[in-house]
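# Structural overview for review
Chain by chain, the residues:
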Amino acid sequence: MAEINFTKLLVHLVVLVDVVLLHVAYATYFERKVIGHMQMRMGPTRVGPMGLLQPIADGIKLFFKEDIIPAAADRPLFYAAPIICLVAMLSCLAVLPFDPNHVLADLNIGLIFIFAMSSLASYGVVLAGWASNSKYSFLGGMRSMSQVISYEIAMGLSLVGVMMMTGSLNLGQIVAAQAASPFGIYAIPQFIGFFVFVVSMLAETNRVPFDLPEAETELVAGYCTEYSGIRFSLFFMAEYIGMIVMASIGTICFLGGWNGPFTVPYVPFFWFLLKIYAIMFFFFWVRATLPRYRYDQLMDLGWKFLIPLALANILLTGLMKTVLE
Amino acid sequence: MISLSQLLFAYLATAITGLALLAVNARNPVHSVLLVLAMFFHMAGLYLTLNAEFLAAVQIIVYAGAILVLYLFVVFLVNLKEEIRVKRFVVSQHYAILLAIGLCVLLVSNMDSFALGISGPWTIEAIQQTTHIKALGRELFTTYLLPFEITGLILLVAVIGGLVLAREDKATTKGNSDDENAETKGVHQ
Amino acid sequence: MIVKHKKKRNLLETIFLVEILKGMGLTLRRMFSKPVTCQYPTEKRQPSLGFRGKHALVRNPHTQGSKCVACLRCVTICPSQCISIRFHQDEENGPRLLDSYEIEALRCIYCGYCAEVCPVNAILLTESYEYSSYDRQSIFFDQEKLLANWDEFMDQGNHNPHTYVNPFWRPRGCDIKGLAAPRRKAVPEEWTREGQIVGRKHKAAASPAPPEQGAKQ
């Protein structure tokens with residue numbers, strides 16, 4: 001009995017990781033196409049029809065590139081950093097409900113678990129920065145660390161409103177409660193929370209306009225300056241999985257998860273995937289539009305604006321809840 | 001017969017002790033912080049075996065995700081590559097070892113007097129029924145309201161203290177950009 | 001110069017991030033516009049008039065050699081000194097006879113001065129720009145190669161060897177009477193546009209300045 005469950009779990013795990021990594025690969029293609037067209041370019045067109053094999057080619061190239069380790073690097077940490085990043089991000093996937101029947105681990109503290117794991121990912125980044133023994137990497141790592149800590153608070157607080165309305169931290173139950181709510185999605189009653197979530201989502205994943213940890217113009221490539229080949233691609237994958245995880249949280253907590261205006265037969269995860277890709281498109285769209293924030297502006301925005309706003313949202317939600325009941 | 005959970009406990013306990021010792025003995029402060037991080041993970045695992053999943057998650061978020069990161073900040077800012085070797089504080093290492101062994105013997109000899117506390121209304125089943133967070137919240141805001149509020153007050157004092165320190169800093173040295181960091185620390189600790 | 005100050009945001013615009021939304025709207029609109037990409041190796045770009053590319057010596061249709069008279073003006077004016085000429089004279093005060101004409105194209109800065117000063121329209125910079133190579137030898141042009149470059153340029157079929165006039169053979173803003181006889185050939189109409197006349201004096205004398213310039217001053 002236990003053994004059967006174990007093999008089933010393993011198969012589920014392998015399929016999940018593979019599917020997500022494929023999505024990561026094609027998210028890069030999607031990003032390059034979207035940003036290309038927004039800048040009136042074409043994006044990848046050469047490898048395969050419409051450049052569709054470009055991610056595969058990139059993967060092969062990165063895999064076979066030389067793995068350079070700086071002489072002054074702290075080797076064990078240098079090796080461990082990208083793995084910490086990737087593992088932390090991959091383990092977030094376990095609690096995400098893609099449709100009512102597909103969730104690897106149906107935890108009661110799903111949301112908190114994701115926070116815990118994404119805060120760990122910042123360790124990978126900061127250790128990469130330190131272990132590389134290069135000033136660019138180090139500055140990138142430090143920036144990333146302070147940014148992630150600051151915005152995690154705002155993000156956690158923005159989701160408290162959702163927790164209050166649902167009364168649960170189980171992601172499946174959040175979606176179910178949302179379907180039963182008058183609007184069907186929490187983005188409307190929780191619009192302040194949604195706004196705070198979206199901004200801190202961008203900051204948490206180190207995306208433009210908050211991409212200070214890897215600001216090309218100042219820091220070469222930030223914390224992954226000294227990384228090359230497959231180790232660099234692990235960081236890259238971690239970043240994109242992070243984006244997918246954040247998009248999933250947004251979908252689950254604010255946009256109604258797998259529920260849609262009508263049910264699509266045979267593809268229960270259709271709406272979930274669509275919403276994730278809508279949010280991913282938003283990531284790329286913002287990247288194509290906005291310039292980078294200055295560091296002190298970033299901190300001001302996080303501490304002086306988003307956190308008070310999220311706290312006000314909690315207060316408002318509590319008030320509304322007591323008034324309505 | 002040793003059950004699986006006992007085996008798990010044995011592993012976690014030895015890992016916690018071993019990692020703590022390694023963290024104390026590590027030459028490199030960053031490695032030391034990382035060993036503490038691994039130790040926190042094992043502690044979270046220990047909480048999981050006790051059905052305290054919320055506590056496990058909070059352990060990771062607060063200790064690993066926030067406090068330890070701030071330690072890391074400090075270690076980075078001080079920029080110690082290797083431990084500075086200074087003369088021992090105590091005259092001889094032997095006294096310290098003797099003291100530690102004595103303490104250990106004292107603790108082990110009193111093992112029998114450890115007794116299980118009275119089990120309250122929250123059995124595992126009850127907690128699973130009302131979910132962990134609800135149970136925790138209800139207890140915190142009813143039975144333990146006073147201690148909770150006192151803790152809140154103490155933290156508020158710490159926050160205000162941090163803010164005051166940061167402001168004073170601003171008045172003396174104009175435009176110091178470190179005041180945000182000071183605020184961060186104030187809120188976390 | 002007129003400095004246009006941006007209108008100050010009002011509170012509502014700040015709260016609803018109107019400016020960011022405007023920017024996002026712009027990028028979204030651009031997403032559905034046609035890309036400006038030129039797919040280079042498959043789709044070649046037409047060089048504009050006055051493009052300075054690969055060097056060539058014009059082949060004289062009568063002698064099949066070059067038109068160069070070894071006056072050394074190009075050698076003298078070349079800022080990077082990449083042209084070298086060797087010649088001899090059979091008799092004193094006789095015509096100079098060219099022995100070799102070499103251009104080290106890797107040192108060339110493509111200023112086009114050599115073509116501008118040449119009194120007999122012998123040298124030019126063609127419109128061909130695809131001549132990168134894996135070795136230095138093939139980008140070191142001697143007389144044969146330079147003549148071959150001319151043949152190649154003519155074989156591309158866009159120009160007639162008898163009527164072709166390189167724009168640099170008659171520099172803009174030059175009085176036609178001051179030029180040597182072979183250089184008085186008509187250049188394309190576009191090239192002699194008055195607005196493009198070089199030099200301060202010519203600009204002042206030429207047609208009134210365009211309106212947007214006037215507004216700025």
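Now for a description of the structure that goes with this document. (Residues numbered from 1 in each chain as written. Chains lettered and ligands numbered in written order. Predicted model: local features only at pLDDT ≥ 70, side-chain atom pairs only at ≥ 80, totals over all residues. Heavy atoms only, no water.)

### Topic: the packing of helix H6 (residues 171–180) of chain A against helix H9 (residues 229–254) of chain A
Two numbers describe a pair of packed helices, the interaxial angle and the distance between the axes. Residue and element names in this part refer to chain A. The N-to-C vectors of H6 and H9 enclose an angle of 45°; their axes lie 8 Å apart at closest approach. Between H6 and H9, the interaxial angle falls into the category oblique. From H6, Leu171, Ile174, Val175 and Gln178 reach across to H9, where they touch Ile252, Cys253 and Phe254. Residues that form the contact of H6 with H9 fall into these classes: six nonpolar, one polar and no charged. (Axes fitted to C-alpha atoms, helices over the stretch in contact; angles between N-to-C directions. Helix = DSSP H or I, 4+ residues; strand = E, 2+ residues; numbered from the N terminus. Parallel < 35°, antiparallel > 145°, perpendicular 65-115°, else oblique. Contact = heavy atoms within 4.5 Å. Nonpolar A, V, L, I, M, F, W, Y, C, P; charged D, E, K, R; others polar.)

### Looking at the interface of chain A and chain B
Contacts between chain A and chain B engage 25 residues on the former and 26 residues on the latter. Roughly 2,700 Å² of surface becomes buried between chain A and chain B when both sides are summed, with 76% attributable to carbon and sulfur atoms. When the area that chain A buries against chain B is broken down by residue, the three leading residues are Tyr123(A), Trp130(A) and Trp303(A), summing to 24%. Linking chain A to chain B there are zero salt bridges. The tally of links between chain A and chain B comes to three residue pairs in polar contact (both at pLDDT 80 or more). Of all the secondary-structure elements, those providing two or more residues to the side of chain A that touches chain B are helix H4 (110–131), helix H5 (135–166) and helix H11 (295–324) of chain A. Take the side of chain A that touches chain B: its biggest share by element is nine residues, from H4(A). Per-class residue counts for the side of chain A that touches chain B are 18 nonpolar, five polar and two charged. (Buried area = accessible area lost by both parts, 1.4 Å probe. Salt bridge = Lys/Arg side-chain N within 4 Å of Asp/Glu carboxyl O. Polar contact = N/O pair within 3.5 Å; in protein donor to acceptor, adjacent residues only side chain to side chain.)

### Some words on empty space enclosed by the protein
Residue and element names in this part refer to chain A. For the coordinates displayed, the defined rule picks out five cavities of 30 Å³ or more. Considering only enclosed or pocket space, the largest cavity measures out at about 200 Å³ in volume. Together, 18 residues line the largest cavity, and Met89, Ala121, Val125, Glu204 and Asn206 are the ones closest to its centre. Contributing elements (two or more residues each) for the lining of the largest cavity: helix H3 (75–92), H4, H5 and H9. A per-element tally of the lining of the largest cavity places H9 first, with five residues. Residues that form the lining of the largest cavity fall into these classes: nine nonpolar, six polar and three charged. (1 Å grid on protein atoms, 1.4 Å probe; cavity = no way out; pocket = protein on both sides within 12 Å on 5 of 7 lines; lining within 4 Å. Points joined across faces, edges and corners; volume = space filled by probe spheres on them.)

### Some words on the packing of H4(A) against H5(A)
All names here are of chain A. Relative orientation of the contacting elements H4 and H5 amounts to 170°, with a least axis distance of 7 Å. For the element pair H4 / H5, the angle class is roughly antiparallel. Within the contact between the two elements, H4 uses Leu111, Phe115, Ser118, Ser119, Ser122, Val125, Val126, Ala128, Gly129 and Trp130 and H5 uses Ser137, Phe138, Gly141, Ser144, Met145, Val148, Glu152, Met155, Gly156, Leu159 and Met163. Of the residues assigned to the contact of H4 with H5, the class counts are 12 nonpolar, eight polar and one charged.

### Here we look at the packing of aromatic side chains
For the structure on display, the rule yields 23 aromatic pairs over all chains. One aromatic cluster is present, formed by Phe30(A), Tyr277(A), Phe281(A), Phe284(A) and Trp285(A) through successive ring pairs. (Phe/Tyr/Trp six-rings, centres within 6.5 Å; stacked < 30°, edge-to-face > 60°.)

### Here we look at the interface of chain A and chain C
At the junction of the two partners, chain A supplies 16 residues and chain C supplies 16 residues. Here chain A packs against chain C, burying approximately 1,400 Å² in sum over the two surfaces, 71% of which is carbon and sulfur. If you look at where chain A meets chain C, you find zero salt bridges. At the boundary of chain A and chain C, one finds five residue pairs in polar contact (both at pLDDT 80 or more).

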